[in-house]
Amino acid sequence: MLLERPILLILLVPILALAFYRPLADRVSQWLRVCLYIVLVLGLAGLSVRLPSKEGLCVSLVDRSPSMQRDAREGAISSLYSLEKARPPASSSYILSFAESIQWEKLPGSSTFQGLNAWINQPDGSNVSLAIRTALGVIPEKTPARILLLGDGQWTGEDPRAAFEQAALRGIPVDYRFWRMNGASDVSVVSLSAPTGLRAGETFVLQAVVRSPQRVSARLRLRRSGGAWLEKEVQLLRGLNRFSWQDSLAKAGTVRYELHVEPQGLEDSVPGNNLARLLVTAEGPRRILLLSESPSGNLARLLRNTNMDVDSIAPTPAFFQPEVLHSYSCVILENVPASHLGQTGMELLAEQVRTGKLGLVMTGGKSAFANGGYYRSPLEDLLPLSMVQRREERRARSAIVIALDRSGSMGAPVSAQLTKMDLANQGTAEVARLLQPHDEICVLAVDTEPHEVLPLAPVKDQPGAEAKILSIEVGGGGIFIYKALREASDRLLASTANIRHIVLFADASDSEQPGDYQELLQELTKAGVTVSVIGLGSENDSDAPLLLDIAARANGTCYFSEDASELPRLFAEDTFQVALKAFIEDPATATFTQAAETIAPGLASAQVGVGGYNFCYPRDKAENVLFSQDENQAPLCAFWNIGLGRVAALAVEADGQYTGAFATSPYAPGFLAGLVRWCTTGEDASQEYAVTSELRGNLLHLEMELDPERTRDPFEGRPVAQASSWDETRHAHQEYTTDFQWTTPDRLEADLPLAANHILLPQVLLGNGKLRSLPPVTLPYSPEFLVDDSMPERLEQYARLT
């Protein structure tokens, strides 16, 4: 019931007073007159009554988080189809899926529901509050509407009560249907904990609490940092069961513990909480990490002789874990190819350097810089020497034919925007950009037949080449290897270029019809033609032996990657090694600049000999400390600040085949040690404050305690809590920054969010470049699998508010 002009109701006072003081003789007539007056006044006041409408709106919210078990998902889908079928034609409906993030399943304006098909970006969570607020945001004002919540009655993050209250204020009912998780047969790891503030060598107790709904036999399995599982058979009693292990950390740093409980003879209803993990940190000075193909070589000994605590190892992609890198203050890459770090390892290393957690030094010969595959890698922009090639007409002329697999498998998506084919096209376009104008290029797209994209011709004579390459589309079938090689060789043998090279890109699991490729490759080898292979997949795939054999027979290189996003880098790496003079093998003399005094005193104008070097170019804002004295006048060493970190690049091999006279130079030890020391990140060691961290649910709570008797604050402005959150599932990271808030005159506090399957690397920024890193943390498992039986009842109470 609504009144447009409620002020006119005041007329009822004089009218009813008149009727009272001058009544009619007939009592019935008197009441009729009063009723008539009331009706007239209500009409003037604009009385209206809203009748039930069939043109309303229903917004359905569907929980798509991992805790929704199969019967719950099927029940939710069935409910949605029933709702759509029963919905009056004049009404409308929206459907929204939610986990930690939200996605529309049925957009406003859509007429049909096609099932729950939206891709959930952040699946580990049940943000009921966000889902309800989003639904309220799409419901127009004064529109009759209802919200339907379909889920398991659990939520993560913010308590949704405020969102329900907002719905109640707008008069929008929130209905619900829950499929509750069955906790009656759920064996779970309630907690896995260890003391904080440990020192290296100190013995500590690792404690676990396991909940069981009944007496049951179980196997407990514990391991440390991916090592062997330590197993024992136990009897779990109903309720909470406590277990403990003793351990110690020999060195300062962080290790990972994983505990797995396997109930015997009981089908666990929520297996997601049976495996828990914990990061344990031993405090102490952080070390230097030397990654080298020769871990026991001269460089490691030289640095140790200058009292540096150095760990020297041969790198593998599996080594790069956030908690492992936290143990170090600087990483040295000595002649290490990018493939030995992996795309994920380089991304993690780059993020650690930019945020000031690590310093970085790159040195090396033919396996470093552009020749080692770092061009177009995540580390390229961090280096103070540029690998971008300049136009140099004096270089030998090259001819390259690229045969691209465009079979059906290349249409598989890699991200929301790109397919495997798109990334192979980008890699091919990178080759065309790197070549000189007089170099020749030919591009073939191959499935069961070769299709010419670019004829063999100089780059300068192929206008629009990049657009043509990037427009290559997926065909059908697999790639016919022999036809691809035959067509490429026919084109290439007609060229008179000094360097003739074929690049074969193929799926390592879908390379067909090799034919008599051995004889063909023998013919190409006699003609001086080389063949490299870029295989999408791994060396364990079905057709990998064929691709390896092709490259070996034709004096080329075979590259494998299961990550299609690496393709542009691999195409560029092969081009540098084959067609571009990115490494100078001739010995040269080099001179230190005045800037070298920052690294080590007494170096300015001094000269050293080198056995070869990576041909790089100076960057703006970098400090160049060493230049070759040959015709190239190339920068051989530079350093700079990048983000909050420090990076140095030495384009000379510090320990290896091309070190030359640099190895015995009296300047080398002090210079190399000074370069590493300059890049080593320093921690603010002030005793004027203490920072503690505590995991509270899915938040890391930080507290900064100050000396109550201080005469000043140990920082300028307000300190900032910053963290990198590394997603171990998708190998991506996200940055979080929040200001500390004063809670008492001597305490500041801040909270940082922590998602499942993430490693959080927190630090405190104090201004003026000062920072303090805190131990990395992780959740034991997704908050989705913390079964709270009170949550469904609370949601029901909130719904009754509406």
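Overview of the structure. Remember, predicted model here, so these are calculated numbers, not experimental data.

The next subject is the overall build of the protein chain. Assigned secondary structure in the protein chain consists of 16 helices and 44 strands. Out of the 802 residues belonging to the protein chain, those deemed buried represent 52%. For the protein chain, long-range pairs separated by at least 24 residues make up 72% of all intrachain contacts whose partners lie at least 6 apart in sequence. Element-wise, carbon and sulfur atoms account for 51% of the exposed surface of the protein chain, whose accessible area totals about 35900 Å². Each charge sign in the protein chain was given a centre, from 72 positive and 96 negative side chains, and these centres are 6 Å apart.

With that settled, the discussion passes to helix H2 (residues 27-44). Quick reminder: α-helices carry 3.6 residues per turn. Residues three or four places apart thus point the same way. The end-to-end C-alpha distance of H2, which contains 18 residues, comes to 26 Å, matching closely the 26 Å that a straight helix rising 1.5 Å per residue would cover. Taken residue by residue, H2 has Gln-30, Arg-33, Val-34 and Val-41 as its buried positions. An end-on view of H2 places all buried positions within 100° of arc, on one side of the element. Residues of H2 that are exposed and point over 90 degrees away from its buried face: Val-28, Trp-31, Leu-32 and Val-39. For H2, the elements touching its buried residues are helix H1 (12-21). Looking at the residues trailing H2, positive phi occurs at Gly-46, about 75°.

The strands that make up a sheet are held in pairs by hydrogen bonds between backbone atoms, and each pair lies either parallel or antiparallel. With respect to topology, five strands assemble into an open sheet ordered E5-E4-E3-E6-E7, the strand pairing being mixed. The sheet is open, and its two borders are formed by strand E5 (102-106) and strand E7 (174-178), each paired with just one other strand. Each strand axis lies, on average, 20° off the axis of its neighbour in the sheet, ignoring direction. Pairing geometry for strand E3 (residues 57-63) and strand E6 (residues 145-151), over six bridges, is parallel.

With eight bridges joining them, strand E37 (residues 689-696) and strand E38 (residues 699-706) adopt antiparallel strand pairing. In the sheet register, Tyr-689 faces E38, and the bridge partner there is Leu-706. Hairpin geometry of E37 and E38 is characterised by an intervening segment of two residues between the two adjacent antiparallel strands and by a positive phi of about 65° at Gly-697.

With respect to the element layout, Arg-177 can be found in strand E7. Arg-177 sits in the partly exposed class, given a relative accessible area of 44%. In the structure, Arg-177 is positioned 28 residues away from Leu-149 in sequence and 6.3 Å away in space, judged by C-alpha atoms. Once you skip the residues sitting within four places of it in the chain, Arg-177 turns out to touch Ser-79, Leu-149, Leu-150 and Gly-151.

With that settled, consider the packing of helix H11 (residues 481-492) against helix H12 (residues 517-526). Their axes nearest at 10 Å, the elements H11 and H12 cross at an angle of 20°. The orientation of H11 with respect to H12, classified from their angle, is roughly parallel. Considering the relative orientation of H11 and H12, their crossing is left-handed. Taken together, the residues of H12 that come into contact with H11 (itself represented by Tyr-482, Leu-485, Arg-486 and Ser-489) are Tyr-517, Leu-520, Leu-521, Glu-523 and Leu-524. Among the residues making up the contact of H11 with H12, the classes are represented as six nonpolar, one polar and two charged.

Right, let's get into the side chain of Gln-763. Assignment of secondary structure puts Gln-763 in strand E43 (residues 758-767). A polar side-chain atom of Gln-763 sits 2.8 Å from the main-chain carbonyl oxygen of Thr-355. A distance of 2.6 Å separates the side chain of Gln-763 from the side chain of Gln-722, its partner in a polar contact. Contacts of Gln-763, omitting those with residues within four sequence positions, involve Thr-355, Lys-357, Leu-644, Val-720, Ala-721, Gln-722, Leu-771, Arg-772, Ser-773 and Leu-774.

Strand order in the open sheet formed by four strands is E37-E38-E42-E41, and the pairing between neighbours is antiparallel. Pairing within the sheet leaves two strands with one partner each, and these edge strands are E37 and strand E41 (741-744). Across this sheet, the average inter-strand angle for adjacent strands is 30°, counted without regard to direction. Looking at chain direction, E41 and strand E42 (residues 747-753) are connected through three bridges and run antiparallel. Looking across to E42, one finds that Trp-742 is bridged to Leu-748.

This next bit is on the packing of aromatic side chains. Using the criterion set out here, one finds 14 aromatic pairs in the structure. Aromatic pair Phe-164 and Tyr-798: ring centres 5.7 Å apart, planes at 50°, arrangement tilted. Here the residue Phe-164 occupies a position in helix H5 (residues 161-169), and Tyr-798 occupies one in helix H16 (residues 790-800), the gap between them amounting to 634 residues. Here the two residues Phe-164 and Tyr-798 agree in accessibility, since each one is buried. For the ring pair Tyr-375 and Phe-576, a centre distance of 5.0 Å and an interplane angle of 70° mean the geometry is edge-to-face. In this pair, Tyr-375 is assigned in the loop between strand E19 (359-363) and strand E20 (385-386) and Phe-576 in helix H14 (residues 567-578), connecting sequence segments 201 residues apart. Grouping residues by exposure puts Tyr-375 and Phe-576 together as buried.

Okay, the nonpolar core next. Ranked by size, the top nonpolar core spans 45 residues in total, and within it Leu-626, Leu-650 and Phe-671 carry the most contacts. For this core, the element with the highest residue contribution is helix H15 (residues 668-679), accounting for eight residues. In this structure Phe-671 touches Phe-592, Ile-599, Ala-600, Leu-603, Val-625, Cys-637, Leu-650 and Phe-662, once residues within four positions along its chain are discounted. Of all hydrophobic cores here, the second largest spans 43 residues; its members include Met-346, Ala-572, Cys-616 and Ile-642.

Here we come to the side chain of Asn-274. Its location among the elements puts Asn-274 in the loop between strand E14 (253-263) and strand E15 (275-283). Taking the relative accessible area as the measure of exposure, Asn-274 reaches 5% and is therefore buried. Those residues in contact with Asn-274, other than ones at most four positions away along the chain, are Val-187, Ser-188, Val-189, Leu-259, His-260, Val-261, Pro-263 and Asp-268.

Across all of its chains, the model carries 46 salt bridges by this definition. For Arg-491, the salt bridge goes to Glu-452, with nearest N and O atoms at 2.5 Å. Pair noted here: Arg-491 is in helix H11 and Glu-452 is in strand E23 (residues 450-458), with a separation of 39 residues, a long-range link. Owing to a relative accessible area of 21%, Arg-491 belongs among the partly exposed residues under this scheme.

Before going further, it helps to spend a moment on the packing of H12 against helix H13 (residues 544-553). Contact geometry of H12 with H13 gives a least axis separation of 9 Å together with a crossing angle of 25°. One way to sum up the angle between H12 and H13 is to call them roughly parallel. Our pair here, H12 against H13, has a crossing hand that is right-handed. Between H12 and H13, the contacting residues are Tyr-517, Gln-518, Leu-521 and Thr-525 on the first element and Leu-546, Asp-549, Ile-550 and Arg-553 on the second. In terms of residue class, the contact of H12 with H13 is built from four nonpolar, two polar and two charged.

Let's shift gears to unusual backbone geometry. A negative phi angle characterises most non-glycine residues, just as the trans form characterises most peptide bonds. Backbone geometry places Asn-307, a non-glycine residue, at a positive phi of 70°. Following the sequence through the fold, Asn-307 ends up in the loop between helix H6 (298-304) and strand E17 (310-313). Phi at Arg-376 takes a positive value of approximately 65°, unusual for a residue other than glycine. Position of Arg-376 among the secondary structure elements: in the loop between E19 and E20.

Looking now at the environment of Tyr-176. Here Tyr-176 shows up in strand E7. Considered as a pair, Tyr-176 and Leu-150 are 26 residues apart in the sequence and their alpha carbons are 5.9 Å apart. Not counting the four nearest positions on each side in its chain, Tyr-176 is found in contact with Leu-148, Leu-149, Glu-796 and Ala-799.

About the criteria used
Residues numbered from 1 in each chain as written. Predicted model: local features only at pLDDT ≥ 70, side-chain atom pairs only at ≥ 80, totals over all residues. Heavy atoms only, no water. Helix = DSSP H or I, 4+ residues; strand = E, 2+ residues; numbered from the N terminus. Buried < 20%, exposed > 50% of the residue type's maximum accessible area, 1.4 Å probe, protein only. Contact = heavy atoms within 4.5 Å. Areas by Shrake-Rupley, 256 points an atom, 1.4 Å probe, with all protein chains shown as cover. Lys, Arg positive; Asp, Glu negative; His and termini not counted. Charge placed at Lys NZ, Arg CZ, Asp CG, Glu CD. Expected span 1.5 Å × (residues − 1). Arc of directions from axis to C-beta. Pairing = 2+ DSSP bridges. Axes fitted to C-alpha atoms, helices over the stretch in contact; angles between N-to-C directions. Parallel < 35°, antiparallel > 145°, perpendicular 65-115°, else oblique. Left-handed = near helix turned anticlockwise from the far one by under 90°. Nonpolar A, V, L, I, M, F, W, Y, C, P; charged D, E, K, R; others polar. Polar contact = N/O pair within 3.5 Å; in protein donor to acceptor, adjacent residues only side chain to side chain. Phe/Tyr/Trp six-rings, centres within 6.5 Å; stacked < 30°, edge-to-face > 60°. Core = buried A, V, L, I, M, F, W, Y, C linked by side-chain atoms within 4.5 Å. Salt bridge = Lys/Arg side-chain N within 4 Å of Asp/Glu carboxyl O.

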